[in-house]
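Observations on the model geometry
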Amino acid sequence: MVNFKSAAIALLAVSLTTAWQPSTGAFTSKRVSTAFGGKHGIQQRSTLSMVVTNPTSAGPMGGGLFTASNSESRRVVPEDPRGRPTMKVVYVVLESQYQSSMTAAVKRINAGSDIMAVECVGYLLEELRNDDAYEQFKKDVADANIFIGSLIFVQELAEKVVDVVQPNRDRLDAVLVFPSMPEVMRLNKVGSFTMKNLGQSKSVVADFMKKKKQEDGSSFEEGMLKLLRTLPKVLKFLPSDKAADARTFMMSFQYWLGGSPENIESLLTVVGQDYVKPIKDSMVGKKKVEAVEPVLLPDKAIWHPVAPSLVFENNEKYFEWYNKEFCPDAGIDPKTAPTIGIILQKSHINTRDDTHYVSLISELESRGARVVSIYSGGLDFSGPLQDYFYDKSGKPIVDTVINLTGFALVGGPASQDHKKAAQVLKKLNRPYMCAVPLVFQSFEEWQASELGLHPIQVALQVSLPEIDGAIEPIIFAGREGATGRSVPLADRVNLLADRAMKWANLRTKPKSEKKIAITIFSFPPDKGNVGTAAYLDVFDSIKAVLGELKSEGYDVGDAPSTKEEIMAAILDDPEAKISSPDLNVAYRMSTEEYYDLTPYATDLEENWGPAPGNLNSDGQNLVVYGRQFGNVFIGVQPSFGYEGDPMRLLFAKSASPHHGFAAYYTFLEKIFKADAVLHFGTHGSLEFMPGKQVGMSGTCYPDRLINSLPSAYLYAANNPSEATIAKRRSYSATVSYLTPPAENAGLYKGLKELKELISSYQGLRENEGRGSAIVNSIISTAYTCNLDKDVKLPNLETYNAASDTAENRDSIVGSVYSQIMQIESRLLPCGLHTVGVPPTAEEAIATLVNIAQLDRPEDSIEGLPRVIASSIGRDINDIYRGNNNGVLKDVELNENIVQASRSAVRALVKQSTGADGRIQEVKTFFDDMGSMFGKIMGSKKPWTQAIIDAGFPKVSEERLAPLFAYLEICLKQIVADNELGGIMELLNGEFLMPAPGGDPIRNPDVLPTGRNMHALDPSAIPTAAAVEVAEDVVRKLLEKLKDESDGMYPESIAFTLWGTDNIKTYGESLAQVLSLVGVRPVPDSLGRVNKVELIPLEELGRPRIDVVVSCSGVFRDLFINQMNLMDRGIKLAAEADEPDHMNFVRKHAKEQAEELGVSLREAACRVFSNSAGSYSANVGLAIENGGWADEQQLQEQFLTRKGFAFNADKPGMMEQQAALFKSALKRVDVTFQNLDSSEISITDVSHYYDSDPTKVVQGLRDDKKKPMALMADTTTANAQVRTLSETVRLDARTKLLNPKFYEGMLSTGYEGVREIQKRLRNTMGWSATAGDVDNFVFEDANSVFIEDEEMQRRLLDTNPNAFRDMVTTFLEANGRGYWETTQENIERLQELYAEVEDRIEGV
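An account of the accompanying structure is given in this report. Fair warning: this is a prediction, and the values are worked out from it, not measured in the lab.

For the rest of this paragraph, the subject is the overall build of the chain. Within the chain one finds 57 helices and 36 strands. Within the span of the chain, comprising 1403 residues, buried residues form 64% of the whole. For the chain, the share of sequence-separated contacts (at least 6 apart) that also reach a separation of at least 24 residues comes to 77%. Approximately 48,500 Å² of the chain is accessible, and the part contributed by carbon and sulfur atoms is 50%.

As structure tokens, this is what we get:
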């Protein structure tokens, strides 16, 4: 790892007030790497013979997480002290490149020093997780003289270091801690020099430095590095001991940064003779060893392993040598060769631990590329990048950039400036790859691990660079177990070199010659589903992309110009739409060719037998479906292949891809010879194929399939979690696309009639006769609309409103009104999005209204409902509470506030809308002048006037101002568009700007789309705001459950956690889990959330509720550190010495420990997921494809695939714990999920019911009682907790049964029919897993889509296969007992099925 510049500045700022004068150092040295041969050491094709084949050295002591190395390989004991005093040095470092320098330095002292001998032992930080290693560490520190620590930035391990060193600090002769967590830095002790106040008190110097950093950026930091070199010289002339001690510390830090054996020898010698008592005493009267100046490289430079001068401080001198001397010998043509820029860690060059760098440089040069490798002395690489990657005229000289440090471009792991990094990279405008060296694992440990890359590395070295805009986190090197030296991994280095060259090729190859493969999906793999993508009109979007490619000069041949013609070309038979054999066959691949071109083909035989098999096969050949237009191929990605196979669906781990899938990607790369592939929409199967979670090896299927192909991937902006999986597992650069504009669901049929009746009642409620009659009509209509399931209504036969009190009548009407307003105001995306078509101003209004309703305290912005409510002296939360309880006045007031908000936002949008209905820049100087004069004359802003006109005359324009300034920005972002531009930037080999993914209502920074989507820093969640919202939801949840259970608390709740939901909400559902258990997340001293503490029962005021947490496979991949957090928190609760009736976690863990014969701590494991590399319970796959016999099969799939436990005590694995999983689930009283976004609801996707354990729990419980199923809805500012059945009804009324929704879908044609059918099938999914779908939902859907003959014809004509699936779903729902209906309905469906079959078959 690199030297933490920001922390170095903190070191300087501690106690210093003396003035200084910076100066510069120099370094010249010659060294020729043995990795190269020939005159300049050139190989035409490196074989990477330096790679150690068995790098793991496992001694008698086990290591930490994934870490089989041990400290004994770093222990050096003097063979013959020769009467010299011996000092013992114990060091702890994050990674191992200092090991060889430290060992060499100690051996040099022991061999050559007359004044001291040294015993030394070192620990890698991660090894301290191991109990044996930790005990040995305690013993070593107990008799040590000097402790040295560096880069201790892992909170729980930092605490372990402090726990051991702190009690020994006064006894130790010196403690040297270089950049680390503040609590570790405070251990520093060199004579009178300490850092005991670091981070705890203000420092004038520190404040000054912070201010200067903000003003000057990296230039000031570079000055600080020069200062670090100069300061000891200044301090040398100061008389006080404190200055001398400070100078020793600064000199030691310089020696440490220098990193070479000579520098480390000087460090140990200087500190030993001045501070270690036995050595100091023996030196009385003797001459001290004179401290030599640290031998340091320049702070930034260009490095090449065979250069005559080790480094170059400007690129002109470098290229003068490189182009004129090196390239001719290497056979590289400097005029035509692509140039790859590489960013290195200086510490590896300092310590001469550079074999992994040499190997990549060699591989790139053997492929004919020029290489320019740069480093920085600190953690801001933006300065060196700007200095060395441009020529004198300011033109970039590189075609691709590879960051080999694994860190964010600016700031490393401690603190980052992502905005600056993205700006610097966009200015350079080249693909930016960030490869990762293994730090905590040897190759063998990584290769054997299903999880892959160590979770801490994922957080620091994958997640953070992604926020900069980095792509392709390929593992390229690791450490050799015995020596700690870095070694390259041959096949990974080759892959990295190949992919870097392919990205460079995209920039340099003429567009007319570039070949692009557009890949579309077919899921489920049946009939009317080619071109599947979430909320995307795929074929209309392909039309737009083909048009853009053509306009940019790509050869698209005779590509059709209409959506329908493109569909016909690919589907071949536009009548059949798709029955797989009817797809257009682009290529038939013989089995001989397949085995010859697909190196891993025989590995697939274990699951699928020999090729060709029966998937994507004609019986003799493997078949690739699609159509080529010029240099553009549009192909259909094959499916997983096991969707309809009940046996394969039950497997705990997912099967390999089938031969047809492998043949498709072999065709793209080796036969079509694509320069890049564009995966089209959310989402395909490539990224979910078996393999490691993060840090693919050459045996992981996503890596094998994509191989060297650059991949651009269109992904829905609201799905950052699965987009992140695509980035990490299939090396895809994502391009976000909008979901369709949201609209309020509105009301229809009886619901619309109800609202009109309520409006009449409000005007006539005082009229006893007419008012009572209207109430009777409201009740009758509510029953007709099946609202009696949601609202407590009086008996229709016996009730007469005339004999009831006015108060009761209001209560009934208020409850009905509240319910229909929930339906009316719910947002639903209408239709499908076409790439490159932004929403109109009118379409943006509903989204803006919802953005406006949220409070944003971090930006000092009040939500619009809050400002309006306060104008009449009310708190909006009180209004929401009354509304939810059916208080008529509050329901009416809430509706008035909603209408006022809509009017205000409409007024804002209207003033910026042109005649074409699009947003324009309409604000001018004269507008502002007019506004000023208007203010003088007393006129109001249009939005303020709209609120006044809506009945809120006292609303404060001043309080509205920050919100509407924010909304203006949001409006511009909503209607901005770079989707086609983003695709072209990637295909042209440019840098695509990064952007967060998520819900644009919660986080408008998601917009505009067309950028490279990333998730978030996992150590940042849950945020304080998320914890606050979570606590409110937990309060509402427990209140609802107590009301339903005679005041009793539930003992155990089964939770489902999703990756995307936690990204969008910054960890709300994660925080809910912690809140129920009664633990709180605690940020560490760097603000990262990686600690938990128990909330005392007195403060909690209720029992600790047990939880069983089922994490999605995507959550597991993205948030494994948060799984660790939950597990630690739950175990804290289980081990708390509290009574059972106040701690259900402990109560159940004790019962399970006895039942299963395990320890209490093992029994308290509550965090479960899939095995690494597997996703979902396959319940959705079974239901979508009809591949299930009965509910028992679905429940077995859930238990088998989701029963892998995460254990913070063994965090390197997901361990199958079926018995523990079942034991925990059978104690569950309630199942619970969260809905956080209006864009994706519980019938839009199969994920929600796929992971629903309601009937699983029922089957496991001793009493076979079905648990209560609840959903939290935080899609609006008025968060609510509903039953699952209420939520299903709400979703059905607003989508499946709503004319606004299904007509919007039908307007898009072929894809729209599929979208309607998908929601019907997903509704049946809830019947299968939870039994919470009312009969009327199927009955009403049958009336809408089947009984109506005109609708029948529309569906049949538009997409006959999807319509057949719809008919099948109705018949299946009836056959499985989920829908009771008339025999007439069933016979009609059976006749329709036969008719559709004939139509599809062409009879």
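Residues Leu1007 and Pro1008 are joined by a peptide bond in cis, for which omega reads -5°. Within the secondary structure layout, Pro1008 lies in the loop between β25 (994-996) and β26 (1012-1014). With an omega dihedral of 0°, the bond running from Ile1021 to Pro1022 counts as a cis peptide bond. Within the element layout of this structure, Pro1022 appears in the loop between β26 and α38 (1024-1044).

All right, on to the environment of Val177 then. If you trace the backbone, Val177 turns up in strand β4 (residues 174-177). Along the sequence, Val177 and Ile152 sit 25 residues apart, while their C-alpha atoms lie 8.8 Å from each other.

We now examine the nonpolar core. Counting residues in each nonpolar core, the largest one holds 205 residues, and the members touching the most others are Leu364 and Met1126. Here this core gets nine residues from one element, more than from any other, and that element is helix α18 (residues 490-508). Excluding anything up to four places from it in sequence, Met1126 contacts Leu1057, Leu1070, Val1073, Leu1074, Val1109, Cys1111, Phe1115 and Val1167. Counting residues in each nonpolar core, the second largest holds 101 residues, with Tyr799, Ala1177, Ala1182 and Leu1220 among its members.

So, on to the sheet that holds strand β2 (residues 117-124). Read from one edge of the open sheet, six strands run β2-β1-β3-β4-β5-β6, paired in mixed fashion. What marks the edges here is a single partner per strand, and that holds for β2 and β6 (193-194). Bridge count for strand β5 (residues 189-190) against β6 is two bridges, and the pairing is antiparallel. Bridge pairing in β6 places Lys189 opposite Thr194. On the sheet, helix α2 (residues 97-112) packs against β1 (86-93), β2 and β3 (146-150) and is oriented at approximately 170° with respect to β2.

The next thing to look at is the packing of helix α55 (residues 1349-1358) against helix α57 (residues 1383-1401). Relative orientation of the contacting elements α55 and α57 amounts to 30°, with a least axis distance of 11 Å. Considering their axes alone, α55 and α57 lie roughly parallel with respect to each other. As α55 runs across α57, the sense of the crossing is right-handed. Residues Gln1352, Arg1353, Leu1356 and Asp1357 of α55 form the contact with α57, whose own contacting residues are Arg1388, Leu1392, Glu1395, Val1396 and Arg1399. Residues belonging to the contact of α55 with α57 are distributed by class as follows: three nonpolar, one polar and five charged.

With that out of the way, let us pick up helix α27 (residues 749-764). Between the first and last C-alpha of α27 there are 23 Å, a value that for 16 residues agrees with the 22 Å anticipated at 1.5 Å per step. Residues of α27 that are buried include every one of Gly750, Leu751, Leu754, Leu757, Ile758 and Tyr761, and no others. All buried residues of α27 project into a common sector of 115° when viewed along the axis, lining one side. Facing away from the buried side of α27, by more than 90 degrees, are the exposed residues Lys749 and Gly763. Tucked inside the fold, the buried residues of α27 contact α28 (768-784), α29 (806-825) and α33 (888-910).

Cut-offs applied
- Residue indices begin from 1 for each chain and proceed along its sequence in written order.
- Since the coordinates come from a predicted model, pLDDT governs what is reported: local features require at least 70, and pairs of side-chain atoms require 80 or more to be given and counted, while whole-chain, interface and lining totals use all residues.
- The basis for every side-chain value is the complete set of non-hydrogen atoms in the structure, without hydrogens or water.
- Only DSSP runs of H or I with at least four residues qualify as helices, and only runs of E with at least two residues qualify as strands; both kinds are numbered from the N terminus onward.
- For the exposure calls, accessible area comes from a 1.4 Å probe over protein chains only, and a residue counts as buried if that area is under 20% of its type's maximum, exposed if over 50%, partly exposed in between.
- It only takes one pair of heavy atoms within 4.5 Å for two residues to be counted as in contact.
- We get accessible surface area from the Shrake-Rupley algorithm with a probe of 1.4 Å; when it comes to residues, only the shown protein chains can shield them.
- We define the nonpolar core as a collection of buried residues of types Ala, Val, Leu, Ile, Met, Phe, Trp, Tyr and Cys that are connected through side-chain atoms lying within 4.5 Å of one another.
- If DSSP finds at least two bridges between two strands, the strands pair.
- Lines are fitted to the C-alpha atoms to define the axes, a helix being fitted only along its stretch in contact, and any angle between axes, read from their N-to-C directions, falls within 0 to 180 degrees.
- Reported orientations rely on four angle classes, namely roughly parallel under 35 degrees, roughly antiparallel over 145, roughly perpendicular from 65 to 115, and oblique for the rest.
- Crossings are classed by handedness, with left-handed meaning an anticlockwise turn of the near helix from the far one by less than a right angle and right-handed meaning a clockwise turn.
- All amino acids are sorted into three groups, where Ala, Val, Leu, Ile, Met, Phe, Trp, Tyr, Cys and Pro are nonpolar, Asp, Glu, Lys and Arg are charged, and the leftover types, Gly among them, are polar.
- A helix is expected to span 1.5 Å for every residue after the first.
- Directions are taken from the helix axis to each C-beta atom, and the arc is the one they span.

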